[in-house]
Amino acid sequence: MGDLRVVGHGLVPPPRERKHLLSIADLDRDDVERLLATARSFALSQARETKKLPTLRGRLVLNLFYESSTRTSSSFEVAAKRLSADTLTVKAAGSSVDKGESLRDTAQTLAAYEPDVIVVRHPEVGAARFVADATSARVVNAGDGKHQHPTQALLDLYTMREALGHLDGVQVAIVGDALHSRVARSLVQALRLVGAEATLVGPPSLLVPELAPSTHDIAAISDADVVYVLRMQRERMLEGANFVPSLREYAARWGVTPERLRPGQLVMHPGPMNRGVEIDARVADSDTSLVVDQVQSGLVMRMAVLYDLLTAGPVPVEAAVEVA
Ligand code: CP
C-alpha cells in the first residue's frame, strides 16, 4: 500500500497529486466504480439519524455559479456540509461580475481564501478548465455551456444501478434536445464506460449523430430499459433559429407520454422539467419516474466526488469516520 500515515485511529495512504473532475473523459471504469461504491457507502451513512461525517473538517468548498441552478448548487452545498467542510457559495448575479469583473479575476480573488475545491458552473465551454489553470484548487465542472456536466452523469449511473441492479448492457433512450445538452454529452460517455448503450431520439435538428446512434422515431423509446428525457434548452437556442416548429408541435411529436411507454418502463430527467413539453406530468409523477431518486443520488454522488478529490483513496466511509 506504499507509505501510510497514522491519522486518528486509522491508516491512510499519502495525498495524491491535485486532480480535477472536468469531464467524464477524466475517468476510467475503475474511477467510476470507485465513485459508485463510495456514493453507496455515503447513502448508507445518510440513512442514519446523525447524517454529518467529520471527514472533510477544515476544508473549504467554494461554489461559483454563473448560471442558475437548483439541484447542482444545493446538493454540492449539502454534500460539503454533510462531510463537515466549510462552504462558500458565490452566484455571479449580485457579485462584482455585474460590474464587469472577469472570470480570471473573480476566480483568483476567491482563490485567495485557499479553497480546497472550486465547483464552477458557467455558460462558456472550457470555463472549468480555465478556473483549474488559473487557481491552485481542485476544480469540479458543474456544467460548462453545452460541453460537460460530469457529476450529473455519475449520479445518473448511480440511479440506474440502484434501480436495475446492474449497468452492463443497459439500453438508454435519450430523448429530446441533445444538441444543446451537456447532460447528453456526459451521459453518453459515462454509459459507454460502464458497458451500457445510448440511443438519441428527437427531431433531426436537435440530434447529434456523431455522439450516438440517433433516430427521429419516438416509437424507438419502447425498446429501452430507461427513457432519459432532456430539457428543451430554450436559453441556448439562438434567437430566430427554428429548431422545432413550435413547443406545442414538439410536445405532440416527441413528448414522453404514458401512451408512448411500456408498462413499468423507467423514466429519468435531470431537471428542471418543462412539464407538458418534453415530459407529460403523468409520466413525471408516475411510480416509474426516477426524478426524485436522481436528486437524492446527486447528494451522495457529490459527497463521493468531494471525498474522492480530497482524500487519498478508497477508504470506506466507516473508516473515514474513524480517521477524521
Ligand atoms: N440537473 C441540473 O443540473 O439541475 P440544476 O440546473 O437545477 O442544477
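This text follows the structure it describes.
Residues numbered from 1 in each chain as written. Predicted model: local features only at pLDDT ≥ 70, side-chain atom pairs only at ≥ 80, totals over all residues. Heavy atoms only, no water.

> What exactly am I supposed to notice about the pairing of strand β10 (residues 226-229) here?
Strand residues, when the strand is regular, have side chains that alternate between the two faces of the sheet. Here β10 shows a buried face lined by Val226 and Tyr228 and a second buried face lined by Val227 and Val229. Relative to strand β11 (residues 266-268), β10 is paired through three bridges, and the arrangement is parallel. When the sheet's bridge partners are listed, Val227 is paired in β11 with Val267. (Buried < 20%, exposed > 50% of the residue type's maximum accessible area, 1.4 Å probe, protein only. Helix = DSSP H or I, 4+ residues; strand = E, 2+ residues; numbered from the N terminus. Pairing = 2+ DSSP bridges.)

> What is the right way to look at the site of the ligand in this model?
For the ligand, the full set of nearby residues is Ser69, Thr70, Arg71, Thr72, Arg121, His149, Gln152, Pro270 and Gly271. Between the ligand and Thr70 there is a distance of 2.8 Å, counted from an oxygen atom to a backbone nitrogen or oxygen. In the model, an oxygen atom of the ligand is placed 2.6 Å from a nitrogen or oxygen of the Thr72 side chain. Per-class residue counts for the shell around the ligand are one nonpolar, six polar and two charged. (Near = heavy atom within 4 Å. Polar contact = N/O pair within 3.5 Å; in protein donor to acceptor, adjacent residues only side chain to side chain. Nonpolar A, V, L, I, M, F, W, Y, C, P; charged D, E, K, R; others polar.)

> Which parts of the structure should I look at to understand the pattern of salt bridges?
Note on pairing: side chains with opposite charge can pair once their charged atoms come close. For the coordinates displayed, the defined rule picks out 14 salt bridges. The shortest N-O distance in the salt bridge between Asp31 and Arg34 comes to 3.1 Å. Separated by three residues within a single helix, Asp31 and Arg34 lie in helix α1 (residues 29-46), roughly one turn from each other. Judged by relative accessible area, Asp31 falls into the buried class, the value being 16%. For the salt bridge of Arg282 with Asp280, the shortest nitrogen-to-oxygen distance reads 2.9 Å. (Salt bridge = Lys/Arg side-chain N within 4 Å of Asp/Glu carboxyl O.)

> Would you explain unusual backbone geometry in this entry?
When glycine is set aside, most residues are seen to have a negative phi, and most peptide bonds are trans. Here Gly271 and Pro272 are connected by a cis peptide whose omega angle stands at -10°. With a phi close to 70°, Ser84 is a non-glycine residue in the positive phi region. Mapped onto the fold, Ser84 is located in the loop between α2 (71-82) and β4 (86-91). Using a relative accessible area of 15% as the deciding quantity, one classes Ser84 as buried.

> Would you mind showing me how to read α2 here?
Owing to its 3.6 residues per turn, the α-helix aligns residues three or four sequence positions apart on the same side. If you check α2, its first and last C-alpha atoms are 16 Å apart, about what 12 residues at 1.5 Å a residue would give, namely 16 Å. When α2 is considered as a whole, its buried residues turn out to be Thr72, Ser73, Ser75, Phe76, Ala79 and Ala80. In this fold, the buried residues of α2 make contact with β3 (60-65), β4, β5 (117-122), β6 (138-144), α5 (150-164) and α9 (291-310). Just downstream of α2 lies Ser84, where phi reads positive at about 70°. (Expected span 1.5 Å × (residues − 1). Contact = heavy atoms within 4.5 Å.)

> Help me understand the packing of α2 against α9, please; the structure alone is not making it clear to me.
Two measures define how a pair of helices packs: the angle their axes make with one another and the distance between the axes. Axis separation between α2 and α9 bottoms out at 8 Å; the angle between their running directions is 55°. Judged by the inter-axis angle, α2 sits oblique to α9. Pair α2 / α9 crosses with right-handed handedness. Contacts between α2 and α9 involve Arg71, Thr72, Ser75, Phe76, Val78, Ala79, Ala80 and Arg82 from the first element and Val295, Gly298, Leu299, Arg302, Met303 and Leu306 from the second. Taken together, the residues that form the contact of α2 with α9 break down as eight nonpolar, three polar and three charged. (Axes fitted to C-alpha atoms, helices over the stretch in contact; angles between N-to-C directions. Parallel < 35°, antiparallel > 145°, perpendicular 65-115°, else oblique. Left-handed = near helix turned anticlockwise from the far one by under 90°.)

Taken by themselves, the reported measurements are silent on function.
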